[in-house]
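Residue-level structure breakdown
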Amino acid sequence: MSTNLIILAAGKGTRMHSDMPKVLHKVAGAPLLIHAMKAGAALDPAHTVIVAGHGFDAVSAAAIDFDEDAQVVLQAEQNGTGHAVLCAQEALAGATGDALVLYGDTPFISQQTLEAMNAARAEFDVVVLGFEAADAGRYGRLVMEGENLERIVEFKDASDEERSITFCNSGVILSSNKHMFGLLEQVTNDNASGEYYLTDIIGLARKAGLSATAVACDEAETMGVNSRADLAAAEAAFQSRARIEALESGVTLTAPETVFFAHDTYIGADTIIEPNVVFGPEVTVENGAHIRAFTHIEGAHVSRGAIVGPYARLRPGAELSENVHVGNFVEIKNATLAEGAKANHLTYIGDASIGADTNIGAGTITCNYDGVFKHHTEIGARAFIGSNTMLIAPVTVGNEAMTATAAVINTDVPDGALAISRTPQVNKPNLAVKLFDKLRAKKKKQQEESK
Ligand code: UD1
Ligand code: MG
């Protein structure tokens, strides 16, 4: 059966104290909303509808950037979770199958949990995701009778007896579209908050003779973000899970607690990651690579056997083939290094392609930007770029060519040629001694005058 995903993301997030809508704050380099969309993708939704309100345009842009087929609908006033889901009704008018409701500020619902809910749907008309709360606080309480969920009672409306229930509502609900919207049309705002509660559909379903149950998940999965402290806690939770997953998949982390992953980092087995390495979004590291300490990598692909760092920076579009070495204080952006190429010290390579087994000397810079346009540098295979070479792009250095130390290259260097571009050296006999004497005399005079 097809599933339609509805993500509630209209709330302001007052406690974030932010100009940015809450669901756009990031965990592991991705907005909370995208984590929710990725979670929902586990059920391969036919339609995805985001209910947005505060910061509508920004939320809409982020949603569509992640999934161009996502529909974003406006909930102009936040009249409650039930009202929010109803705002998605029109967008799903022609859709069949199930409706799954997730919250945009709850990033960690797992694929297994959603699959378990989907499995329970085979037997029950409505399935709610619940959790045993360590501190049930103000969560809605799940009133169970055996495996049947009878109703959900919001904290504000609950009796003391109901408040003593510790099995709580996560907010995630799954039922057919038909029942979801049919039941919601009957929901009123006659309650302690004056809001339209999504949770009221359970009691209404039971009255209508429909069945309902709750599937339980770990409380950590239902962790929501309401404040900067929650955001930091969510980041920490993500990172500790990502470290464990990396270790379990065969990655060596010498100091796991100092390595930070993005939501989509892929690290192959037998890779070694030294302390204090940070991964930004869109990084793939193939098996057996070695990422040395204090390296920052984003938007890059590192192939087998490559060695990166210590203190290296790979920026978007860095493509390192097998056995490439990138050493300390080397920055690479939008550049391809073919197999066995080496840039070991103090270098900037931007908008370039470097051939196989080419050696880039210390202090080399591709001067790729003229202040307005970016230009490409092409270096062939088995070339040798002398230390402190400035490559003024656009420029090409051929296969097996060399540039002499301190060369300023603004014309193409043919295959096999040696390019020398610097003023010839002149040695003036004894001139250093004379110059030292003169300078020291001047200093002495200044010191005497200031006494
Ligand atoms: C809701 C549940 C409660 C549950 C808790 C779990 C209801 C009535 N209550 O309570 O049972 O234990 O979540 O965290 O459903 N939102 C909108 N539009 C609205 C209202 C809310 O988009 O008009 C969004 C919010 O941005 C948020 C989510 O829905 O992402 C939940 O809203 P929130 O106000 O936090 O609900 P709670 O009172 O916490
Ligand atoms: Mg809440």
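Residues numbered from 1 in each chain as written. Chains lettered and ligands numbered in written order. Predicted model: local features only at pLDDT ≥ 70, side-chain atom pairs only at ≥ 80, totals over all residues. Heavy atoms only, no water.

**Things to note about helix α2 (residues 56-66)**
The following threshold applies: Throughout this description, buried means an accessible area under 20% of the type-specific maximum (1.4 Å probe, protein chains only), exposed means over 50%, and partly exposed covers the range between. Think of it this way: any DSSP run of H or I at least four residues long counts as a helix, any run of E at least two long counts as a strand, and we number them from the N terminus. The directions considered for the arc are those from the helix axis to the C-beta atoms. Only heavy atoms matter for contacts: two residues are in contact if any of them lie within 4.5 Å across the pair.
Restricting attention to buried positions, one finds in α2 the residues Val59, Ser60, Ala62 and Ala63. Down the axis of α2, the smallest arc covering the buried residues is 165 degrees, so these residues share one side. Exposed residues pointing more than 90 degrees away from the buried face of α2 are listed as Asp57 and Asp65. Lining the buried residues of α2 we find α1 (32-40), β4 (47-52) and β5 (71-74).

**Regarding the site of ligand 1**
Selection criterion: Throughout this document, a residue counts as near a molecule or strand when at least one of its heavy atoms sits within 4 Å of that molecule or strand. Nitrogen and oxygen atoms within 3.5 Å of one another constitute a polar contact, given that in protein one can donate a hydrogen and the other can accept it, and given that sequence-neighbouring residues count only through two side-chain atoms. Computed with a 1.4 Å probe, the accessible areas rest on the Shrake-Rupley method; for each residue, only the protein chains presented here act as cover. Using only the protein atoms, space was sampled on a 1 Å grid; points where a 1.4 Å probe fits but cannot get out form cavities, open sets with protein on both sides within 12 Å along at least five of seven lines form pockets, and lining residues are those with an atom within 4 Å of a point. Any molecule with more than half of its atoms within 2 Å of a cavity's or pocket's grid points is counted as sitting in it.
Residues in contact with ligand 1 amount to 19 residues; listed here are only the nearest, Gln75, Gly80, Thr81, Glu154 and Asn169. One of the backbone nitrogen or oxygen atoms of asparagine 79 is found 3.3 Å away from an oxygen atom of ligand 1. Within the side chain of threonine 81, one N or O atom sits 2.6 Å away from an oxygen atom of ligand 1. In isolation ligand 1 has 760 Å² of accessible area, and contact with the protein removes 78% of it. Judged by the proximity of its atoms to the pocket grid, ligand 1 belongs to the largest pocket. Every element with two or more residues in the shell around ligand 1 is listed here: β1 (3-9), α3 (81-86) and β10 (167-176).

**Thoughts on the pattern of salt bridges**
What counts, and what does not: A carboxyl oxygen of Asp or Glu within 4 Å of a side-chain nitrogen of Lys or Arg is what we treat as a salt bridge.
Enumeration according to the criterion identifies 8 salt bridges in this entry. Across the pair aspartate 105 and lysine 22 runs a salt bridge, and its minimum N-O distance is 2.9 Å. Note that aspartate 105 is positioned in the loop between β6 (98-103) and α4 (111-120) and lysine 22 in the loop between β1 and β2 (26-27), a separation of 83 residues in sequence. With respect to class, aspartate 105 is no different from lysine 22; both count as buried. Here arginine 315 makes a salt bridge to glutamate 331, at a shortest N to O gap of 2.6 Å. Of this pair, arginine 315 sits in the loop between β21 (312-314) and β22 (318-320) while glutamate 331 is found in strand β23 (residues 325-337), placing the two residues 16 residues apart along the sequence. Here glutamate 331 falls in the partly exposed class, since its relative accessible area comes to 23%.

**A word on the domain arrangement of the protein**
What counts, and what does not: Domain delimitation in this document rests on an assignment produced automatically or drawn from a domain database. Put simply, buried area is how much 1.4 Å-probe accessible surface two parts lose in total, over both of them, once they are put together.
Here the domain parsing of the protein yields domain 1 (3-222) and domain 2 (228-419). Centre-to-centre, using C-alpha coordinates, domain 1 lies 43 Å away from domain 2. Facing 14 residues of domain 1, the contacting portion of domain 2 comprises 13 residues. Here domain 1 packs against domain 2, burying approximately 1000 Å² in sum over the two surfaces, 60% of which is carbon and sulfur. Its largest share of buried area at the contact with domain 2, domain 1 owes to Met16, Ala28 and Phe108, together 45% of the area lost on that side. Taken together, the links from domain 1 to domain 2 amount to 0 salt bridges. Counting the contacts that link domain 1 with domain 2 gives 5 residue pairs in polar contact (both at pLDDT 80 or more).

**Some points on the environment of aspartate 105**
On the basis of relative accessible area, aspartate 105 is assigned to the buried category, the value being 15%. Taking the C-alpha atoms as reference points, aspartate 105 and alanine 192, separated by 87 residues in sequence, lie 24 Å from one another. Those residues in contact with aspartate 105 that sit more than four places away from it in its chain are Lys22, Val23, Met223, Gly224, Val225 and Asn226. A distance of 3.0 Å separates polar atoms of two side chains, one belonging to aspartate 105 and the other to threonine 106.

**Here's the deal with the layout of surface pockets**
Rules: Grid points are joined across faces, edges and corners, and a volume is the space filled by probe spheres set on the points. Put simply, Ala, Val, Leu, Ile, Met, Phe, Trp, Tyr, Cys and Pro go in the nonpolar bin, Asp, Glu, Lys and Arg in the charged bin, and everything else, Gly too, in the polar bin.
Considering only enclosed or pocket space, the largest pocket measures out at about 1400 Å³ in volume. For the largest pocket, the lining is made up of 38 residues, of which Lys22, Thr81, Tyr103, Asp105 and Asn226 are closest to its centre. When contributions to the lining of the largest pocket are tallied by element, the ones reaching two or more residues are β1, α3 and β10. The leading source of residues in the lining of the largest pocket is β10, at 3 residues. Counted by class, the lining of the largest pocket contains 11 nonpolar, 18 polar and 9 charged residues. In this structure, the second largest pocket occupies an estimated 740 Å³ of space. Looking at the second largest pocket, it is lined by 23 residues, and the ones nearest its centre are Lys38, Phe238, Arg241, Glu245 and His263. Here the lining of the second largest pocket is composed, by residue class, of 12 nonpolar, 7 polar and 4 charged. For the lining of the second largest pocket, the domains that each give at least three residues are domain 1 (3-222) and domain 2 (228-419).

**Overview of the packing of α1 against α2**
Our working rule: As a rule, the C-alpha atoms of each element are fitted with a line to give its axis, helices using only the stretch in contact, and angles between N-to-C directions run from 0 to 180 degrees. Geometric relationships in this document are graded by angle, where less than 35 degrees denotes roughly parallel, more than 145 denotes roughly antiparallel, 65 to 115 denotes roughly perpendicular, and other angles denote oblique. Two helices crossing with the near one rotated counterclockwise from the far one by less than a right angle form a left-handed crossing, whereas a clockwise rotation gives a right-handed crossing.
One way to put it is that α1 packs onto α2 with a least axis distance of 10 Å and a crossing angle of 40 degrees. Classified by the angle their axes make, α1 and α2 are oblique. For the pair α1 and α2, the crossing hand works out as right-handed. Together, Leu33, Ile34, Met37 and Lys38 of α1 and Val59, Ala62, Ala63 and Phe66 of α2 make up the contact between the two elements. Partitioning the contact of α1 with α2 into residue classes produces 7 nonpolar, no polar and 1 charged.

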